[in-house]
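Working through the structure, step by step
The primary structure of each chain is shown beneath.
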Amino acid sequence: QQQVKQSPQSLIVQKGGISIINCAYENTAFDYFPWYQQFPGKGPALLIAIRPDVSEKKEGRFTISFNKSAKQFSLHIMDSQPGDSATYFCAGTGGTSYGKLTFGQGTILTVHP
Amino acid sequence: EAGVAQSPRYKIIEKRQSVAFWCNPISGHATLYWYQQILGQGPKLLIQFQNNGVVDDSQLPKDRFSAERLKGVDSTLKIQPAKLEDSAVYLCASSPPWQRTDTQYFGPGTRLTVL
């Protein structure tokens, strides 16, 4: 099964710091890479997404960096806030897997005040 | 706009019993997904519907799991008989038909505990 590998499993950051979560994918047919944010007791919610035709996408404090040749992408959260404390999942989809999101294992982010 | 609705939110059953989950997607969303999220893992797709037809059920354990989407709207996921390893959160998601953004909107999930 084509996988998406995510690291670290957990991350602790001080308020105002930068949170960085990394993902690597195997399926070269993937052409859409979303990040989802999940709070306890809630379903995942789309945070930001990127396609391989760009190397970076920024939305507010959230930035995705994408390296197509290395098959890696990462989420950067600038000026991390306690309200950002949640579980973050990267995912990939595309090609014959269109619509079928393959998720990473998740990263539990804790931002201390 | 109302979100994806799921019920029940919690269910506790004994192994070998049966259970059913219900999902009402966002109005107008043609594609509906059922995911299984085991504690500490990312969601795993079980089945994908396009309107009322199955697009992908390759990861659905068909000997015990079944799903249907009557009239292309609501959907039910059934487990019969349940096993201990079925303990998980079952997430329903939907996506609109008019844009190739692959954005999926998730419901709050049903947490199943099998004892």
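Residues numbered from 1 in each chain as written. Chains lettered and ligands numbered in written order. Predicted model: local features only at pLDDT ≥ 70, side-chain atom pairs only at ≥ 80, totals over all residues. Heavy atoms only, no water.

1. Here we look at the overall build of chain A
Secondary structure summary: chain A contains 0 helices and 11 strands in total. Each helix and strand of chain A, placed in order from N terminus to C terminus, yields the pattern β-β-β-β-β-β-β-β-β-β-β. Viewed in the frame of its principal axes, chain A has a C-alpha envelope of about 45 × 30 × 20 Å. Counting every position in chain A, which comprises 113 residues, the buried fraction comes to 47%. Of the contacts made within chain A by residues no fewer than 6 positions apart, 53% connect residues no fewer than 24 positions apart. With 10 positive and 7 negative side-chain charges, chain A shows a separation of 4 Å between the mean positions of the two kinds. (Helix = DSSP H or I, 4+ residues; strand = E, 2+ residues; numbered from the N terminus. Buried < 20%, exposed > 50% of the residue type's maximum accessible area, 1.4 Å probe, protein only. Contact = heavy atoms within 4.5 Å. Lys, Arg positive; Asp, Glu negative; His and termini not counted. Charge placed at Lys NZ, Arg CZ, Asp CG, Glu CD.)

2. Some thoughts on the sheet that holds strand E7 (residues 62-67) of chain A
Strand pairs in the sheet, formed through backbone hydrogen bonds, run parallel or antiparallel to each other. Residue and element names in this part refer to chain A. With respect to topology, 5 strands assemble into an open sheet ordered E1-E3-E8-E7-E6, the strand pairing being antiparallel. Every interior strand has two partners, whereas the edge strands, strand E1 (4-7) and strand E6 (56-59), have only one. This sheet shows a mean twist of 15 degrees between the axes of neighbouring strands, independent of strand direction. Two strands pair when backbone bridges link them, and E7 and strand E8 (residues 72-77) are joined in this way by 6 bridges, in the antiparallel orientation. Following the sheet pairing, Phe62 is matched in E8 by Ile77. (Pairing = 2+ DSSP bridges. Axes fitted to C-alpha atoms, helices over the stretch in contact; angles between N-to-C directions.)

3. Some remarks on the interface of chain A and chain B
Listed per partner, the contact involves 20 residues of chain A and 22 residues of chain B. Roughly 1,700 Å² is buried in total at the junction of chain A and chain B, and carbon and sulfur atoms are behind 45% of that figure. In this assembly, chain A and chain B are joined by 1 salt bridge. A salt bridge links Asp56 of chain B to Lys100 of chain A; its shortest N-O distance comes to 3.9 Å. Our count for the contact surface shared by chain A and chain B stands at 3 residue pairs in polar contact (both at pLDDT 80 or more). (Buried area = accessible area lost by both parts, 1.4 Å probe. Salt bridge = Lys/Arg side-chain N within 4 Å of Asp/Glu carboxyl O. Polar contact = N/O pair within 3.5 Å; in protein donor to acceptor, adjacent residues only side chain to side chain.)

4. Looking at the environment of Val114 of chain B
Residues and elements named next belong to chain B. Residue placement: Val114 occurs in strand E11 (residues 110-114). Residue Val114 is classed as buried on the basis of its relative accessible area of 6%. Between the C-alpha atom of Val114 and that of Arg16, which follows or precedes it by 98 residues, the distance is 8.9 Å. Beyond its immediate stretch of four places on either side in the chain, Val114 contacts Ile13, Glu14, Lys15, Ala82, Lys83, Leu84, Asp86 and Ser87.

5. Considering the environment of Ala91 of chain A
Residue and element names in this part refer to chain A. Considering the arrangement of structural elements, one finds Ala91 in strand E9 (residues 86-92). Residue class for Ala91 comes out buried when judged on its relative accessible area of 0%. Sequence spacing of Ala91 and Ser69 is 22 residues, and the spatial spacing of their C-alpha atoms is 17 Å.

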